[in-house]
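Structural overview
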Amino acid sequence: MTFNMTQIPSFGVAGNFTGHLEQAGEARDFANVKTAETNAPKAIFPTYIPVNLQSNNSCGAPDFLNVFPFDSEKIIYPAGEQKVQLEPECAIIFDAAWNETKLESLTPVAFGASNDCSIRKDGAKKISQKKNWGKSSKGFSDHLINIDNFAPGSILDHYRIASFMIRNGSVYDYGEDSAVRDYSYIYQKLIDWMLDKFNNQKDEGPAEDIHSYLVAAGCPKQIMVSIGATRYTEFGQTNFLQAGDESVVILYPENYSLEQIKDNLKTGAAFSDDISVLRQKIIL
């Protein structure tokens, strides 16, 4: 199954792994956001909104969101910034069904390793301002895996997210090795929450009116969502990306051990088809 990612709007979920926002220094941005449950995600933020080719309009989104940011091989470091972090995630492509301008359903079709790379800085009014700084500012694996079902016991129930930084030939654990099933919201609960946010989220605080972006973009038939970043290891929390580093995100089934994944990475051995790998060089 192949996808034209330049025609698929992309989004991220803020706060879907307990503790990540606090580690990233972003919990205060959501201090006034009310959620149904304490562990609920905080918001959906846009990372890319393609221009509606039929009307050639700007999609109602800020112009910078019309720039395609995904690259499977490199991250171009943002000019003038000093703190950029890898954000290891599972990203899912959904088929979207609409009833006029209401998003009625989301059906997961494929998933892969994602780097929702982020600038750490104060003063950004919206989450998206720290996410898309132009071409090659984010990552999505070229190797996607089909989803059989989106429920406990399905394929994703047996996958884990690992992430690493390679610096000067050494491999460092960057994010905590985490099970996909351990997201705060996953499966139908996540879909229900996303449908509510896509249809009703307000332009308040760090959040944006993403429904208006989607409608102006022509009510797209597919949507990609990175469903949340894992917590960092101590190394990941305190070491920002630098030119020459490599960032790596790997989604792998639990019949492999983390040690096997790291050994493959160190030796350059090929990964099997049931593993989604995203490996990006950091360049200026």
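Here, every reference points to the structure presented above.
What comes next concerns the included structure. (Residues numbered from 1 in each chain as written. Predicted model: local features only at pLDDT ≥ 70, side-chain atom pairs only at ≥ 80, totals over all residues. Heavy atoms only, no water.)

1. A few points about the nonpolar core
Soluble globular proteins: nonpolar side chains tend toward being buried together. Selection criterion: Note on terminology: a nonpolar core comprises buried Ala, Val, Leu, Ile, Met, Phe, Trp, Tyr and Cys residues joined through side-chain atoms within 4.5 Å. Burial classification: accessible surface area is computed with a 1.4 Å probe over protein chains only, and a residue below 20% of its type maximum counts as buried, one above 50% as exposed, and the rest as partly exposed. Two residues form a contact once any of their heavy atoms are found within 4.5 Å.
Counting 56 residues, the largest nonpolar core has Cys90, Leu106, Met194 and Phe198 as its most contacted members. For Phe198, the residues in contact, after removing those within four places along its chain, are Phe11, Ile44, Leu103, Leu106, Ile210, His211, Leu214, Ile223 and Val225. If you look at the next biggest cluster of nonpolar residues, it comprises 12 residues, including Phe70, Val109, Ala110 and Phe140.

2. What about the pairing of strand 10 (residues 159-167)?
This is how the line gets drawn: A helix here means a DSSP run of H or I that spans at least four residues, while a strand means a run of E at least two residues long, and both kinds are numbered starting from the N terminus. Pairing between two strands is assigned when DSSP locates at least 2 bridges connecting them.
In terms of burial, strand 10 is a largely internal element, 9 of the 9 residues being buried. Every second residue of strand 10 is oriented toward a common face, with Tyr159, Ile161, Ser163, Met165 and Arg167 on one face and Arg160, Ala162, Phe164 and Ile166 on the other, all of them buried. Where strand 10 and strand 13 (residues 246-253) come together, 8 bridges link them in antiparallel fashion. Opposite Phe164, over in strand 13, you have Val248 as the bridge partner. The pairing of strand 10 with strand 11 (residues 170-179) spans 7 bridges and is classified as antiparallel.

3. Structural notes on the pairing of strand 2 (residues 43-48)
Among the 6 residues of strand 2, 6 are classified as buried, and the element is accordingly described as predominantly covered. Pairing between strand 1 (residues 10-14) and strand 2: 5 bridges, direction antiparallel. Of the residues in strand 2, the one forming a bridge with Ala14 is Ala43.

4. Observations concerning the pattern of salt bridges
The condition is simple: In the sections that follow, a salt bridge refers to a side-chain nitrogen of Lys or Arg positioned within 4 Å of a carboxyl oxygen of Asp or Glu.
Throughout the structure, instances matching the rule amount to 15 salt bridges. Between Arg231 and Glu176 there is a salt bridge, with the nearest N and O atoms lying 3.2 Å from each other. Of this pair, Arg231 sits in the loop between strand 12 (222-229) and helix 4 (234-238) while Glu176 sits in strand 11; the two residues are 55 residues apart in sequence, bridging distant segments of the chain. One network of salt bridges, with partners in common, ties together Glu87, Asp116, Arg120, Lys131 and Lys138.

5. Structural notes on the side chain of His211
Note the threshold: Polar contacts, as counted here, are pairs of nitrogen or oxygen atoms within 3.5 Å of one another; within protein the pair requires one atom able to donate a hydrogen and one able to accept it, and residues that are adjacent in sequence qualify only if both atoms are side-chain atoms.
By the element assignment, His211 lies in helix 3 (residues 210-216). Owing to a relative accessible area of 19%, His211 belongs among the buried residues under this scheme. There is a polar contact of 2.6 Å between the side chain of His211 and the backbone oxygen of Thr101. In this structure, His211 is in contact with Trp98, Thr101, Phe198 and Asn199, ignoring residues within four places of it in sequence.

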